[in-house]
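Below are the chains, spelled out letter by letter.
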Amino acid sequence: VLDAFDFGGTQSVVGSTQTFPITTGTDDSLEELSTCFGFFGFIGATVTNSTNYIISCLDYGLRFTGITIPQGATIDEAFIDLTIRVQQSGTVNTTIVGQDVDDAAAIIAPTSCCQFSTTNNFDITSRTSTTASVNWNGLPASSAGQVITSPDIATIVQEIVDRSGWASGQDMFFRFENGSGPGRRELRVFEFDPSDAPQLRVTIAGSGTAVEGDDQM
């Protein structure tokens, strides 16, 4: 994006926002931490479910692919948008971290909806966390179809793109962990409707680089 020409005959690059949605069912999956609803597998199993949850007995993993952000770019702000499946109002808190890796691997989870892995692979909880983390306390009460937006996770995204091995087009993983509170939030998944799938929004700072342009009168 370019701003207006200035009187000196130059123009500068300003920031832009890019959106990266979940594009496959296994990229928004759950891992059981303790006996949850009784129909999941066992501790450490990953679940490809018809509904995802932010709740104390599950960790929630999201992998966004094809992130076209240059290595070392300055991140102004970043958010994750989630679509609510059913109305809920009970108190729930969580913490968001990223995976401290150059290019996040796919989540090892069943490719069909409503199944759990046959082994306790711990593929969501075992991923090395970024130093940066963001608390999301008191998730808003919400109704079906409402989009709720995380706090700004720019510090997490910045840590990932600052890695020497990061390159534009690679993949990022985020984990919602340490859930607490008596409530939960039930979320729509890619399989429900791709347009309701979680999405990552990232705004990159302007470079301030001057380029030649026509003088304006």
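The shown structure was predicted, so the numbers you read here are calculated from the model rather than taken from an experiment. (Residues numbered from 1 in each chain as written. Predicted model: local features only at pLDDT ≥ 70, side-chain atom pairs only at ≥ 80, totals over all residues. Heavy atoms only, no water.)

Draft legend 1. Main features of the pattern of salt bridges. Within this structure, the stated rule accounts for ten salt bridges. When the shortest N-O distance is used, the salt bridge between arginine 85 and glutamate 186 registers 2.6 Å. Residue arginine 85 is located in the loop between strand E7 (75–83) and strand E8 (93–99), and its partner glutamate 186 is located in strand E13 (residues 185–187); the two are separated by 101 residues in the primary sequence. Overall, glutamate 186 belongs to the buried group, its relative accessible area being 4%. Linking arginine 188 and aspartate 196 is a salt bridge whose minimum nitrogen-to-oxygen distance equals 2.9 Å. You can call arginine 188 buried: its relative accessible area is 17%. Residue aspartate 196 is classed as buried on the basis of its relative accessible area, which comes to 14%. (Salt bridge = Lys/Arg side-chain N within 4 Å of Asp/Glu carboxyl O. Helix = DSSP H or I, 4+ residues; strand = E, 2+ residues; numbered from the N terminus. Buried < 20%, exposed > 50% of the residue type's maximum accessible area, 1.4 Å probe, protein only.)

Draft legend 2. Focus on the sheet that holds strand E11 (residues 147–149). Taken together, four strands build an open sheet; the order of strands is E2-E14-E7-E11 and the sheet is antiparallel. The strands lining the two open edges of the sheet, one partner per strand, are strand E2 (16–21) and E11. In this sheet, adjacent strand axes meet at a mean angle of 20° when their direction is disregarded. Here six bridges tie E2 to strand E14 (residues 199–204), and the two strands are oriented antiparallel to one another. Counted as the bridge partner of serine 16 is isoleucine 204 from E14. In this fold helix H1 (residues 154–161) packs onto E7 and E14, with an angle of close to 115° to the strand it touches most, E7. (Pairing = 2+ DSSP bridges. Axes fitted to C-alpha atoms, helices over the stretch in contact; angles between N-to-C directions. Contact = heavy atoms within 4.5 Å.)

Draft legend 3. Expanded view of empty space enclosed by the protein. Under the criterion given, the structure shown has one cavity of 30 Å³ or more. Here the largest cavity is characterised by a volume of approximately 30 Å³. Considering the residues around the largest cavity, the lining is formed by Tyr53, Ile54, Ile55, Leu58, Asp59, Tyr60, Thr94, Phe176, Glu177 and Gly179. For the lining of the largest cavity, the elements supplying multiple residues, two or more each, are strand E5 (52–54), strand E6 (58–67) and strand E12 (170–180). Looking at the lining of the largest cavity, its residues break down into six nonpolar, two polar and two charged. (1 Å grid on protein atoms, 1.4 Å probe; cavity = no way out; pocket = protein on both sides within 12 Å on 5 of 7 lines; lining within 4 Å. Points joined across faces, edges and corners; volume = space filled by probe spheres on them. Nonpolar A, V, L, I, M, F, W, Y, C, P; charged D, E, K, R; others polar.)

Draft legend 4. The arrangement of H1 in detail. Of all eight residues that make up H1, six are buried, and the element is covered over most of its length. Listing the buried residues of H1 in full gives Ala154, Ile156, Val157, Gln158, Ile160 and Val161.

Draft legend 5. Here's a closer look at the side chain of threonine 130. Positionally, threonine 130 belongs in strand E10 (residues 129–136). Within the structure, the side chain of threonine 130 is placed 2.7 Å from the backbone oxygen of alanine 132, a separation counted as a polar contact. Setting aside residues up to four positions removed in sequence, threonine 130 forms contacts with Val97, Gly98, Gln99, Asp100, Ile156, Glu159 and Ile160. (Polar contact = N/O pair within 3.5 Å; in protein donor to acceptor, adjacent residues only side chain to side chain.)

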